[in-house]
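Observations on chain architecture
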Amino acid sequence: MAFRRMRALVFHAPHDVRVETVKDPELRDPNGAIVRITRSSICGSDLHLYHGSVPAMPGTVMGHEGVGVVEDVGKDVRRFRKGQRVLVPAVLGCGECEPCRRHYPVGCLVLPVKIPGISLELGGAQAEAMYVPAADANLREIPPELGDEQVLFLTDILPTGYTAARNAGIAPGDTVVVLGSGPVGLCAIEAAGLFGAARIFAVDLVPERLEKAREFGAEPIDARVQDPRTAVLEATEGRGADAVIEAVGSRDTFRLAIELARVGGVVSAVGVLFEEAFPFPMGTALLKDLTFRVGLVDIPSSLPRLFPLVRSRRLDPTRLLTHRMSLDEAPEAYRLFAERRDGCLKIVLQG
Ligand code: NAD
Ligand code: ZN
């Protein structure tokens, strides 16, 4: 293989990630592929590992958002060959079990780890190369007219925003609140627009992010200076929002989401909160006849909807891109993104 010993971003401990030379990924089975990563990015989900709120093993090669070029394929791979440009989705499945055949890799019964970059078993995309199991089922070819940066966010955050809006059951004319104006929240704002939301309120604490939310068509609410409850009730003549999307992943915002929804409304959560128990306001939810949806990104059903929109330029994911850095600068990139400095939203790592 070309890399011999590749460079990768390695997790050591919370707030301690380093670019190191590690063992090359190996073709572990005849269905797998090795992808040389040309562009990767850092996700809010990586920050859970970085901050220590989701445990990770030292030595984990991080990242689950990557695009690249096929470097090698196992003998049973049919649809891909060396040299093809591909996108590696953030959730991978075996492609053959019953949930995978239903295009539901989140439910894969075979792969022990479905998300790259969170464990030692499946190295991530913030590296020169990565191993992808079941290449035929997981990889997506990148149309030649689209550049790497145009499709990079289709690996995770754009489908996550789309999944969040779809799960929220948004209908034309609805009033929607999106909690969090990070990359995922902004993608959810974009998707809420696609489903026909009439008004979209964006709640965050960071002024530059709220300004970005405004550019994406939302009405910003700075939760540091304004109570979102009052603002949303005023805007809806006391009813509350038809749908609330949670794109933060904190106890406070889950509770707030339930409070902001109208009677008969929907709360759709994609923010990651790894707590087995948290105080769920059952009484409020019951009296509100509330629908609560939570889950991982549904990439297989999102991509056929999103690819054409990106191809036709109705969606431009590069609007989220604020920084380009080299893989060697990844530790600084994590700091920048974690501290939300310098207007940082989405960092593309290359080389
Ligand atoms: P991010 O950390 O960049 O964004 C989070 C945003 O929430 C920030 O702008 C922050 O200022 C804001 N925020 C924090 N506390 C708040 C509060 N109390 N009220 C309002 N806003 C608040 O992360 P991101 O990349 O946008 O991801 C958002 C969430 O989505 C993360 O939890 C991430 O793990 C999750 N995620 C889930 C999936 C999935 O499959 N379900 C996929 C990707 C990301
Ligand atoms: Zn992600």
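Above this text sits the structure in question.
On a predicted model such as this, the values are computed, not experimentally measured, just so you know.

**Considering the environment of glutamate 339**
- As for its placement among the helices and strands, glutamate 339 is situated in the loop between helix 12 (330-338) and strand 15 (346-350).
- At 2.6 Å, the side chain of glutamate 339 forms a polar contact with the side chain of arginine 341.

**Considering the sheet that holds strand 9 (residues 199-204)**
- The strand order across the open sheet built from 6 strands is 10-9-8-11-12-13, with neighbouring strands paired in parallel fashion. Unpaired on one side and paired on the other, strand 10 (219-222) and strand 13 (291-294) mark the two borders of the sheet. Going across the sheet, the axis of each strand differs from the next one's by a mean of 20°, ignoring polarity.
- As paired elements, strand 9 and strand 10 share 4 bridges and run parallel to each other. Bridge pairing in strand 10 places phenylalanine 201 opposite glutamate 219.

**Some words on the coordination of the zinc ion (ligand 2)**
- Bound to the zinc ion (ligand 2) are the protein donor atoms Cys43 (SG), His64 (NE2), Glu65 (OE) and Asp156 (OD), situated 1.6 to 2.8 Å from the metal.
- Coordination at the zinc ion (ligand 2) comes from 4 donor atoms whose angles at the metal span 84 to 136°, giving a geometry best classed as irregular.
- Read N to C, the donor residues that coordinate the zinc ion (ligand 2) are spaced as C-x20-H-E-x90-D. Pair noted here: cysteine 43 is in the loop between strand 3 (33-41) and helix 1 (44-51) and aspartate 156 is in the loop between helix 4 (148-151) and helix 5 (157-167), with a separation of 113 residues, a long-range link. The exposure classification of cysteine 43 matches that of aspartate 156, with both residues buried.

**As for the nonpolar core**
- Within the largest apolar cluster, 49 residues are counted, with the highest numbers of intra-cluster contacts made by Leu87, Val151, Leu154, Ile170, Val176, Ile189 and Ile245.
- Secondary structure elements with two or more residues in this core: helix 5, strand 8 (175-179), helix 6 (183-194), strand 9, strand 11 (241-246) and helix 11 (299-311).
- In contact with valine 151, other than residues within four places in its own chain, are Val67, Leu87, Ile142, Leu146 and Phe307.
- Residues Val86, Leu92, Ala129 and Val132 belong to the second largest nonpolar core, which totals 30 residues.

**Focus: empty space enclosed by the protein**
- Counting across every chain of the model gives 1 cavity of 30 Å³ or more.
- Of the voids in this model, the largest cavity is the one considered here, and its volume is about 30 Å³.
- If you trace the largest cavity, you find it lined by Val91, His103, Tyr104, Pro105, Val106, Val297, Asp298, Ile299 and Pro300.

Parameters and conventions
- For every chain, the first residue of the written sequence is number 1, and numbering continues from 1 along that sequence.
- Here every chain gets a letter starting at A, and every ligand a number starting at 1, in the order they are written.
- The predicted nature of this model means local features are confined to residues of pLDDT at least 70 and side-chain atom pairs, given and counted, to a pLDDT of 80 or more, with totals for whole chains, interfaces and linings taken over all residues.
- Only heavy atoms go into the side-chain values, all of them from the structure, while hydrogens and water stay out.
- By definition, any uninterrupted DSSP run of H or I lasting at least four residues is a helix, any uninterrupted run of E lasting at least two residues is a strand, and each is numbered from the N terminus.
- Nitrogen and oxygen atoms within 3.5 Å of one another constitute a polar contact, given that in protein one can donate a hydrogen and the other can accept it, and given that sequence-neighbouring residues count only through two side-chain atoms.
- Paired strands, in this sense, are two strands between which DSSP finds at least two bridges.
- Here an axis means a line fitted to C-alpha atoms, over the contact stretch when the element is a helix, while the angle between two N-to-C directions is reported on a 0 to 180 degree scale.
- Excluding water, the donors of a metal are its N, O and S neighbours within 2.8 Å, or within 3.2 Å for Na, K and Ca, and that exclusion means sites may look incomplete.
- The geometry test gives tetrahedral to four donors whose angles all lie between 85 and 135 degrees, gives square planar to four donors and octahedral to six donors whose opposite members are over 155 degrees apart with all other angles between 65 and 115, and gives irregular to the rest.
- The cut-offs for exposure are 20% and 50% of the maximum accessible area for each residue type, with area from a 1.4 Å probe on protein chains only; residues under the lower value are buried, those over the upper are exposed, and the others partly exposed.
- Working definition of a nonpolar core: buried Ala, Val, Leu, Ile, Met, Phe, Trp, Tyr and Cys residues. They are joined through side-chain atoms within 4.5 Å.
- Any two residues whose heavy atoms approach within 4.5 Å are treated as being in contact.
- Whether a set of points on the 1 Å grid over the protein atoms alone is a cavity depends on a 1.4 Å probe fitting there but being unable to get out, while an open set qualifies as a pocket with protein on both sides within 12 Å along at least five of seven lines; lining residues are those with an atom within 4 Å of a point.
- Grid points are joined across faces, edges and corners, and a volume is the space filled by probe spheres set on the points.

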